[in-house]
Amino acid sequence: MPKTKLPPGNPDDTEHAFYEALQHADIERLMACWADEEDIVCVHPGGPRLVGHAAVRAAFEALFANGSVQAQPEKVRRLDAGSCSVHSVVERVQVMTDDGPQQAWVVATNVYAKTAQGWRLVAHHASPGSRTEPPEVLNVKPVLH
């Protein structure tokens, strides 16, 4: 089967495709977001470090066996440095509980590299989720009186 391709685009386009693939449980489109390098890294909330395509794919296939992942990136902070782009995101995730659908939040870091195929994901690291939206602490300069 030929590999699904993404247009070259920019890091934001790849991020959009990644979250859209999660929401549709589309393993081929999701894996197309990843770089071809074998040292790609993924850490799911509370999980081990997954290295390489086979490990990353297997983890997402297991995740999709339970259905899609309704995650939306919010509060995206970007650091662009030439051929690398780091996105710190707060993911709003809908989870099913005994009381029905609830919101949870996960803080994640997505790292994109510019490759010959365009911008591709090389690392995704997600924190354990919380029931409350995490606060954003900004560096504030002290006020001298």
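Below is a short write-up of the structure. Quick caveat, the model's predicted, so the values are computed rather than measured.

1. Observations concerning helix α1 (residues 11–24)
Piece 1. Helix length check: α1, at 14 residues, gives a terminal C-alpha distance of 20 Å against a target of 20 Å (1.5 Å per residue), a fit within 8%.
Piece 2. Those residues of α1 that sit buried are P11, T14, E15, A17, F18, Y19, A21, L22 and Q23.
Piece 3. Sitting at the amino-terminal end of α1 is N10, which places a side-chain oxygen 2.9 Å from the backbone nitrogen of D12.
Piece 4. Where α1 terminates, the next one or two residues include A25, which has phi positive at roughly 50 degrees.

2. Here we look at the pairing of strand β5 (residues 100–115)
Piece 1. In the sheet, β5 pairs with strand β6 (residues 118–126) via eight bridges, with the strands oriented antiparallel. Its bridge partner being in β6, T115 is matched across the sheet by G118.
Piece 2. What sits between β5 and β6 in their antiparallel hairpin is a turn of two residues.

3. A look at helix α3 (residues 53–64)
For an α-helix, 3.6 residues make a turn, and residues three or four places apart therefore share a direction.
Piece 1. With twelve residues, α3 extends 16 Å from end C-alpha to end C-alpha; this agrees with the ideal 16 Å at 1.5 Å per step.
Piece 2. Considered for burial, the residues of α3 that qualify are H53, V56, A59, F60 and F64. One side of α3 carries all its buried residues, which in axial view fall inside an arc of 140 degrees.
Piece 3. Buried-residue contacts for α3 involve α1, α2 (27–32), β1 (41–43) and β2 (49–51).

4. Focus: the layout of surface pockets
Piece 1. Roughly 420 Å³ of internal volume is contained in the largest pocket.
Piece 2. As for the largest pocket, its lining consists of 21 residues, of which L63, V69, Q70, A71 and V93 are closest to the centre.
Piece 3. Those elements giving two or more residues to the lining of the largest pocket turn out to be α1, α3, β3 (70–81), β4 (84–97), β5 and β6.
Piece 4. For the lining of the largest pocket, the element with the most residues is β4, which contributes five residues.
Piece 5. Of the residues that constitute the lining of the largest pocket, the class distribution is 13 nonpolar, seven polar and one charged.
Piece 6. Counted as a void, the second largest pocket has a volume near 150 Å³.
Piece 7. Within the residue set of the lining of the second largest pocket, elements represented by two or more residues are β3 and β4.

5. Focus on the environment of E133
Piece 1. Its place among the elements puts E133 in the segment after β6.
Piece 2. The class for E133 is partly exposed, based on a relative accessible area of 37%.
Piece 3. Here E133 is in contact with K75 and W105, once residues within four sequence places are set aside.

6. Section: the pattern of salt bridges
Piece 1. The full count for this structure, using the stated rule, is four salt bridges.
Piece 2. One salt bridge in this structure joins R57 and E28, with 2.5 Å as the shortest N-O distance. Residue R57 is located in helix α3, and its partner E28 is located in helix α2; the two are separated by 29 residues in the primary sequence.
Piece 3. Each member of the salt-bridge network shares a partner with another, and the members are E28, R57 and E61.

Cut-off values and rules
Residues numbered from 1 in each chain as written. Predicted model: local features only at pLDDT ≥ 70, side-chain atom pairs only at ≥ 80, totals over all residues. Heavy atoms only, no water. Helix = DSSP H or I, 4+ residues; strand = E, 2+ residues; numbered from the N terminus. Expected span 1.5 Å × (residues − 1). Buried < 20%, exposed > 50% of the residue type's maximum accessible area, 1.4 Å probe, protein only. Polar contact = N/O pair within 3.5 Å; in protein donor to acceptor, adjacent residues only side chain to side chain. Pairing = 2+ DSSP bridges. Arc of directions from axis to C-beta. Contact = heavy atoms within 4.5 Å. 1 Å grid on protein atoms, 1.4 Å probe; cavity = no way out; pocket = protein on both sides within 12 Å on 5 of 7 lines; lining within 4 Å. Points joined across faces, edges and corners; volume = space filled by probe spheres on them. Nonpolar A, V, L, I, M, F, W, Y, C, P; charged D, E, K, R; others polar. Salt bridge = Lys/Arg side-chain N within 4 Å of Asp/Glu carboxyl O.

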